[in-house]
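Secondary and tertiary structure notes
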Amino acid sequence: MPAARIRSWKSVALATSAVLVGIVLPAATATPASATTTAYDDTYYASAIGKTGTALKSSLHSIIDGHTTISYSAVWNALKVTDQDPNNTNNVKLLYSGISRSKSLNGGNSGNWNREHVWAQSHGDFGTSAGPGTDLHHLRPEDVTVNAIRGNLDFDNGGSSFTNSGGSLYDSNSFEPRDAVKGDVARMILYMAVRYEGDDGWPNLEPNDSVNNGGTRYHGRLSVLKAWNDEDPPDSFEERRNDLIYSNYQGNRNPFIDHPEWVEAIW
């Protein structure tokens, strides 16, 4: 990602909001449109541009809804493409641990990697059926043991380290991913909250500011996820992944990777 975009997306969101209410900001705070404009703004996101709050959330839902679904077994091969280690094409990069592991070591045994649902399956009870259970925008490869440690914990700061944590932490009611993917996790959770609104037979998934959400349709902690989105902007790995899911598999995008400032605009 260009450095200008990393530094400026939030300031551009502020500038845009100011223009909408007739405030003219000083020239020193102005940011080139190219810093936040994507190739999809005039086409894919055309109906969402300029909106905020519930209107933006509703518009984005309409845009990303109705994606092409894949089977849970097909997720294995898809992750070998979307999460390929850029430094070793024979491997995938594991989300929480940051380990590079052979693509061939997928499975359920110790030392394998498996399919981690970042929005935990039990938070909405959607299982692994085509739909939220196979949505690549929140499915990532992870070490079997690390995946089990994360379980269905909500996301929050704090906790203790563990074997192969890569810097991730956990305690009795929450999980904190390593710094390099905190924003990734936030944007995946919030994608799910926009994509699944209860109008297609699946639960209406929503973020809240709690932990211990257990078997409810909620995932937390929203205030922390928003902070992580700010602290860890999208990088080239996350952007490439978004492009591949859009072009090769589902035909929809995670809008918060293209426009991370939309997190604040909605929540």
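Residues numbered from 1 in each chain as written. Predicted model: local features only at pLDDT ≥ 70, side-chain atom pairs only at ≥ 80, totals over all residues. Heavy atoms only, no water.

An unreviewed UniProt entry lists the protein chain under the name Endonuclease, with Streptomyces akebiae as the source organism.

Points about the environment of Gly220
Checked against the element boundaries, Gly220 lands in the loop between strand 10 (218-219) and helix 6 (222-231). Using a relative accessible area of 0% as the deciding quantity, one classes Gly220 as buried. For the pair formed by Gly220 and Ser210, sequence separation is 10 residues and the distance between their alpha carbons is 5.2 Å. Other than its neighbours up to four places away in sequence, Gly220 contacts Asp154, Phe155, Asn208, Ser210, Asn213 and Leu225. (Helix = DSSP H or I, 4+ residues; strand = E, 2+ residues; numbered from the N terminus. Buried < 20%, exposed > 50% of the residue type's maximum accessible area, 1.4 Å probe, protein only. Contact = heavy atoms within 4.5 Å.)

Looking at the pattern of salt bridges
A full pass over the atoms with the stated rule returns 15 salt bridges. Note that Glu197 is salt-bridged to Lys57, the shortest N-O span being 2.7 Å. Taken together, the residues Glu197 in the loop between helix 5 (182-195) and strand 9 (206-207) and Lys57 in helix 2 (residues 53-64) connect sequence positions 140 residues apart. A cluster of three or more residues bridged by salt bridges with shared partners is formed by Lys57, Glu197 and Glu206. (Salt bridge = Lys/Arg side-chain N within 4 Å of Asp/Glu carboxyl O.)

Some details on helix 7 (residues 236-249)
For helix 7, which comprises 14 residues, the first-to-last C-alpha distance of 19 Å matches the rise-based estimate of 20 Å (1.5 Å per residue) to within 8%. Three or more residues of helix 7 are buried, namely Phe237, Glu238, Glu239, Arg241, Asn242, Leu244 and Ile245. Capping the start of helix 7 is the job of one residue whose side-chain oxygen sits 3.2 Å from the backbone nitrogen of Phe237: Asp235. After helix 7 finishes, the residue Gly251 shows a positive phi value of roughly 75 degrees. (Expected span 1.5 Å × (residues − 1). Polar contact = N/O pair within 3.5 Å; in protein donor to acceptor, adjacent residues only side chain to side chain.)

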